[in-house]
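Each chain, letter by letter, is given below.
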Amino acid sequence: MTRKITAFKYFLRQRRCALRIDNTTDPRDRRGRRYTWRSLFAANLIGMMLCARSLRTLEELSEDFGALARGLGAPAKVGRWALGNFLRLAKSSVLLDKLHELVRYELRNKSLTPNGLPFGVVAIDGKQDRRKLAERFTDFVQWVRHDGSKPYGLHRVIRVALVSSAVPVVLTCMEILGKTNEAASFKEIFCRLVSLFGSAFQLITGDAGFCTAANAALVDTANYGYLFGLKENQPTLLEEARRVLIPEARSRVADAMDPGWETDSKGRTIRRFLWVTHDMAGWPDWEHLRQVFLVRTLVRLDDGSTAVLDERLFVTNMTRGMLTARRALLVIRRHWRIENGVFGTLDRKDLWAEDTTLGWSVKGEGLMNTSILTCIAFNLLSLFRGVHLRSKVNRQAKWLRVLRWLVAAFYLPAAALRTGILSEQAEQECLPGA
């Protein structure tokens, strides 16, 4: 474990600029400041990397921070009220800039180059917490009432992840106004994405919630490709796609398929097949439409027979030369990395438990700032495990094992970090709760 700790220390040192906030952004009154703005940011970020469930937990963890945490600027001990004030008062735009700065650093260092594809692909998806808020703290809380029950609030965000690289990373995120939806927010976040990381991708993917003629035209006009899921929100287009592709799937061999049968997360043995049609190119109000895909998932039953598990339709403006059937199947599978690789990891109860744990702070900018810090922490841990570590075994290490390396790194004494030599007994003694 000592080598992993040393590697993590070096990893964070390389990204020190992206992990430090400027004290000049401090909105507090100059009187009575016990902690600097930079130290509060560092403490909150370290707590998020350690998957702390609350500010009270982070307050307890900060008592034993070691040399690495001090080097990042975390104070010896910080109260939860000061940590909460930072989350409430800090401008979310400032924290979002730190997320963007980290991504730009990785892009410059070629850590996010396309893997298995000739171009970059980003996936966009909305995230709605299951955490019910008692008050409408901001305009970005959607007020919900079901069957006359007591109303409650939900905080919603849109996140964009780069899914073509070796590991998925969050590029940017944006809150959704309580009185609107994902599709109406697409224009704003897409324009922001192009201005920030326009050279990092050529194709954007999204589920059917983003599939509108206006959104597709926006992407096409900007000279980017789109691949959107097709469902009942586009009834005419959906009906025609089914009329064309369903008979094709019955009468001819698929244009692309998975290399072999595989086991999914639910233990089922599945295989995906893709059919493509170009007959719908230039559909009314979709003049930029060039290809439509049907992806059919088969499941192998216990008796050896197969059955159709799922069928999905997708539309794109990319030519068959750029997006072949084989690449399209890979891109469609990569899109789900934002659900399974990003959201699925953040929602795990043994890690961040983002979907079920109440935010560290719910007032002011607290909800969004907590969300941004979560994205920064996720990116750091994903890049450390999946890119920075050289061994294939270490890159496939379970998340809880990686978290154990981080806990040891943040709580080791200075001498151990400086020499890189640590006995197993000393290693155990320096961990929290030992």
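Residues numbered from 1 in each chain as written. Predicted model: local features only at pLDDT ≥ 70, side-chain atom pairs only at ≥ 80, totals over all residues. Heavy atoms only, no water.

## With respect to the overall build of the protein
Alright, step 1. Regarding its fold elements, the protein presents 16 helices and eleven strands.
Alright, step 2. In terms of principal-axis extent, the alpha carbons of the protein reach across some 70 × 50 × 45 Å.
Alright, step 3. Within the span of the protein, comprising 434 residues, buried residues form 55% of the whole.
Alright, step 4. Once local pairs closer than 6 in sequence are excluded, the contacts in the protein between residues at least 24 apart make up 66%.
Alright, step 5. Working note: accessible area of the protein is about 20300 Å², and carbon and sulfur atoms make up 48% of it.
Alright, step 6. Distance between charge centroids for the protein: 7 Å, based on 66 positive and 44 negative side chains. (Helix = DSSP H or I, 4+ residues; strand = E, 2+ residues; numbered from the N terminus. Buried < 20%, exposed > 50% of the residue type's maximum accessible area, 1.4 Å probe, protein only. Contact = heavy atoms within 4.5 Å. Areas by Shrake-Rupley, 256 points an atom, 1.4 Å probe, with all protein chains shown as cover. Lys, Arg positive; Asp, Glu negative; His and termini not counted. Charge placed at Lys NZ, Arg CZ, Asp CG, Glu CD.)

## Quick notes on helix α7 (residues 182–197)
Alright, step 1. When the local axis directions of α7 are compared, the greatest deviation, roughly 30°, occurs at Glu-188.
Alright, step 2. The set of residues buried in α7 consists of Ala-183, Ser-185, Phe-186, Ile-189, Phe-190, Leu-193 and Phe-197.
Alright, step 3. For α7, the N-terminal capping position is held by Asn-181, with its side-chain oxygen 3.4 Å away from the main-chain nitrogen of Ala-183. (Bend = angle between axes of the 7 residues up to and from the residue. Polar contact = N/O pair within 3.5 Å; in protein donor to acceptor, adjacent residues only side chain to side chain.)

## Re the pairing of strand β5 (residues 203–206)
Alright, step 1. Taking every second residue as pointing to the same face, both faces of β5 are buried, with Leu-203 and Thr-205 on one and Ile-204 and Gly-206 on the other.
Alright, step 2. Inspection of the sheet shows strand β1 (residues 121–128) paired to β5 by four bridges, in the parallel sense. Among the inter-strand pairings, Ala-123 is bridged to a residue of β5, identified as Thr-205.
Alright, step 3. Summarising the sheet, β5 and strand β6 (residues 225–230) pair through four bridges and their orientation is parallel. (Pairing = 2+ DSSP bridges.)

## Structural notes on the packing of helix α1 (residues 2–14) against helix α12 (residues 366–388)
To characterise two packed helices, one gives the angle between the axes of the helices and the distance between these axes.
Alright, step 1. In the contact formed by α1 and α12, the axes pass within 11 Å of each other and the chain directions differ by 120°. Taken together, the axes of α1 and α12 lie oblique to each other. Classified by chirality, the crossing of α12 by α1 is right-handed. Note on element contacts: α12 touches α1 through Leu-380, Leu-383, Phe-384 and His-388, opposite Lys-4, Ala-7, Phe-8, Tyr-10, Phe-11 and Gln-14.
Alright, step 2. Within the contact of α1 with α12, the residues separate by chemical class into seven nonpolar, two polar and one charged. (Axes fitted to C-alpha atoms, helices over the stretch in contact; angles between N-to-C directions. Parallel < 35°, antiparallel > 145°, perpendicular 65-115°, else oblique. Left-handed = near helix turned anticlockwise from the far one by under 90°. Nonpolar A, V, L, I, M, F, W, Y, C, P; charged D, E, K, R; others polar.)

## Some thoughts on unusual backbone geometry
Alright, step 1. The residue Asp-285 is not glycine, and still its phi comes out positive at about 70°.
Alright, step 2. Given a relative accessible area of 59%, Asp-285 falls into the exposed group.
Alright, step 3. Notably, Ala-353 is not glycine yet its phi reads approximately 50°, a positive angle.
Alright, step 4. Within the element layout of this structure, Ala-353 appears in the loop between α11 (337–346) and α12.

## Re the nonpolar core
One recurring pattern in soluble globular proteins is that nonpolar side chains are buried together.
Alright, step 1. The biggest cluster of nonpolar side chains holds 140 residues, and the ones touching the most others in it are Phe-8, Met-49, Leu-274, Val-315, Trp-352 and Phe-410.
Alright, step 2. Per-element tally for this core: the top contributor is α12, with twelve residues.
Alright, step 3. With near-sequence residues (within four places) excluded, Val-315 lies in contact with Cys-211, Tyr-226, Leu-227, Phe-228, Leu-230, Leu-237, Trp-286, Leu-289, Gln-291 and Val-292. (Core = buried A, V, L, I, M, F, W, Y, C linked by side-chain atoms within 4.5 Å.)

## Comments concerning the environment of Gly-198
Alright, step 1. Along the chain, Gly-198 turns up in the loop between α7 and β5.
Alright, step 2. Under the relative-accessibility criterion, Gly-198 is labelled buried at 17%.
Alright, step 3. Aside from chain neighbours lying at most four places away, what touches Gly-198 is Leu-193 and Tyr-224.

## Points about the packing of helix α5 (residues 80–89) against α12
Alright, step 1. Direction vectors running N to C along α5 and α12 enclose 100°, while the axes themselves pass 7 Å from each other. With respect to α12, the element α5 is oriented roughly perpendicular. The residues of α12 that touch α5, namely those facing Phe-86, Leu-87 and Arg-88, are Gly-366, Asn-369, Thr-370 and Leu-373.
Alright, step 2. Of the residues contributing to the contact of α5 with α12, the split by class is three nonpolar, three polar and one charged.

## Some details on the environment of His-288
Alright, step 1. Within the element layout of this structure, His-288 appears in the loop between β9 (269–277) and β10 (291–300).
Alright, step 2. A relative accessible area of 9% means that His-288 is categorised as buried.
Alright, step 3. A C-alpha to C-alpha distance of 8.1 Å links His-288 and Ala-216, two positions 72 residues apart in sequence.
Alright, step 4. Those residues in contact with His-288, other than ones at most four positions away along the chain, are Ala-213, Ala-216, Ala-217, Asp-220, Tyr-226, Thr-316 and Asn-317.
Alright, step 5. Side chain to side chain, His-288 and Tyr-226 meet in a polar contact 2.8 Å long.

## Brief notes about the confidence of the model for the protein
Alright, step 1. Residues of the protein with pLDDT of at least 70 account for 93%, and the chain-wide mean is 88.
Alright, step 2. Confidence, expressed as mean pLDDT per element, reaches its minimum in the protein at helix α16 (residues 424–429) with 43 and its maximum at β6 with 97.
Alright, step 3. Scored below 50 in pLDDT, residues 417–434 makes 28 contacts in the model with residues more than four places away or belonging to other chains. (pLDDT = per-residue confidence, 0-100.)

## Some details on helix α14 (residues 399–411)
Alright, step 1. Along its 13 residues, α14 runs 19 Å from first to last C-alpha, staying within 8% of the 18 Å computed at 1.5 Å per residue.
Alright, step 2. Among the 13 residues of α14, ten are classified as buried, and the element is accordingly described as predominantly covered.
Alright, step 3. Residues of α14 that are buried: Trp-399, Val-402, Leu-403, Trp-405, Leu-406, Val-407, Ala-408, Ala-409, Phe-410 and Tyr-411. (Expected span 1.5 Å × (residues − 1).)

## Thoughts on the pattern of salt bridges
Alright, step 1. Taken as a whole, this structure holds 22 salt bridges when the rule is applied.
Alright, step 2. A salt bridge links Arg-15 to Glu-106; the nearest nitrogen and oxygen atoms lie 2.5 Å apart. Of this pair, Arg-15 sits in the loop between α1 and α2 (37–49) while Glu-106 sits in helix α6 (residues 92–108), placing them 91 residues apart in sequence.
Alright, step 3. Here Arg-15 falls in the buried class, since its relative accessible area comes to 7%.
Alright, step 4. Arg-159 is paired through a salt bridge with Glu-354; the nearest N and O atoms lie 2.6 Å apart. Residue Arg-159 is found in strand β3 (residues 152–162), and its partner Glu-354 is found in the loop between α11 and α12; the two are separated by 195 residues along the sequence.
Alright, step 5. With relative accessibility at 7%, the residue Glu-354 sits in the buried group.
Alright, step 6. Residues participating in the shared-partner salt-bridge network are Lys-127, Arg-159, Asp-347, Glu-354 and Asp-355. (Salt bridge = Lys/Arg side-chain N within 4 Å of Asp/Glu carboxyl O.)

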